[in-house]
Amino acid sequence: MTTPFHVELSPSTWLDLSLLTMLVLVAIAMLRSRHLFAVVMLSGIYSLLSAAFFVSLDAVDVAFTEAAVGAGISTVLMLGGMLLTARREKPKSAGRAPVALAVVLAAGAALIYATIDMPAFGDPNAPANAHVGQAYVEETPNDIAVPNIVTAVLASYRGFDTLGEVMVIFTAGVAVMLLLGAGSVRGGREVSDVEKDESGAA
């Protein structure tokens, strides 16, 4: 006998809930950790979980980008940045930031409010599936000799947009390399992880 509030969840829903739960737990662990190496590794795990979540949502192209840029390139760059700094975050006195908290709450409320009118995930009558998406499915084989619709959208229909994204990533990578002093004679300054007391003595 089932209760009126009994809801059957599909395996894909359980997978999505599991991934979201792990994302929240990893994010909390990143906020609480003061060891920079652990934070970098947790950020890579967060990116991989995000990529898995995108795959679950059938956004494979976004998942590839997240895995390559988020878990790959970003992790390498942050590890390189750690060579120029201490391994642990400096101790910080406990306090509150009311302005930052208000901004986060306002942004979160706006995002939640914006999702109220969104159609259900996978709804065939949603505008994205009934109009634009259907047009891509029907017209792509005739317009472009590319068998994969996602590839056709990224390389042709959104070719300039994809080129702009590549330029942004390349510019960001060059900027980080310049900030890290890659290839310079001086290199980075030496840092010490020795903890000091309030008087400054090691």
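Higher on the page you've got the structure.
Let me sum up the structure you'll find in this document. The structure presented is a predicted model; accordingly, all values stated were derived computationally and were not measured.

For the chain, the helix and strand inventory stands at seven helices and zero strands. Starting at the N terminus and ending at the C terminus, the chain contains elements arranged as α-α-α-α-α-α-α. Going through the 202 residues of the chain one by one, you find that 13% of them count as buried. A separation of at least 24 residues holds for 52% of the contacts in the chain among residues at least 6 apart in sequence. Summed over its atoms, the accessible surface of the chain is roughly 15600 Å², and 68% of this surface lies on carbon and sulfur atoms.

Moving on: the packing of helix α5 (residues 127-143) against helix α6 (residues 149-157). Across the interface, α5 lies against α6 with an axial gap of 10 Å and an inter-helix angle of 70°. In terms of their interaxial angle, α5 and α6 are classed as roughly perpendicular. Note that α5 runs across α6; the crossing there is left-handed. In this structure, α5 uses Y136, V137, E139, T140 and D143 to contact α6, whose residues at the interface are I149, A152, V153 and Y157. Among the residues making up the contact of α5 with α6, the classes are represented as six nonpolar, one polar and two charged.

A few words now on helix α1 (residues 11-32). In this model α1 runs 32 Å from its N-terminal to its C-terminal C-alpha over 22 residues, within 8% of the 32 Å that 1.5 Å per residue would give. Here α1 has its buried residues at D16, L19, L23 and V26. Buried residues of α1, viewed axially, fall in a sector of 95°; they line one side. Of the residues in α1, the exposed ones pointing more than 90 degrees away from the buried face are P11, W14, L25 and R32. As for α1, its buried residues are in contact with α2 (36-56).

Moving on, we get to the packing of aromatic side chains. Throughout the structure, instances matching the rule amount to one aromatic pair. Ring geometry for Y136 against Y157: centres 5.1 Å apart, planes inclined by 50°, an arrangement best described as tilted. One end of the pair, Y136, is in helix α5; the other, Y157, is in helix α6, and 21 residues separate them in sequence. Overall, Y136 belongs to the partly exposed group, its relative accessible area being 28%. Taking the relative accessible area as the measure of exposure, Y157 reaches 32% and is therefore partly exposed.

Reading guide: rules and limits
- Residues numbered from 1 in each chain as written.
- Predicted model: local features only at pLDDT ≥ 70, side-chain atom pairs only at ≥ 80, totals over all residues.
- Heavy atoms only, no water.
- Helix = DSSP H or I, 4+ residues; strand = E, 2+ residues; numbered from the N terminus.
- Buried < 20%, exposed > 50% of the residue type's maximum accessible area, 1.4 Å probe, protein only.
- Contact = heavy atoms within 4.5 Å.
- Areas by Shrake-Rupley, 256 points an atom, 1.4 Å probe, with all protein chains shown as cover.
- Axes fitted to C-alpha atoms, helices over the stretch in contact; angles between N-to-C directions.
- Parallel < 35°, antiparallel > 145°, perpendicular 65-115°, else oblique.
- Left-handed = near helix turned anticlockwise from the far one by under 90°.
- Nonpolar A, V, L, I, M, F, W, Y, C, P; charged D, E, K, R; others polar.
- Expected span 1.5 Å × (residues − 1).
- Arc of directions from axis to C-beta.
- Phe/Tyr/Trp six-rings, centres within 6.5 Å; stacked < 30°, edge-to-face > 60°.

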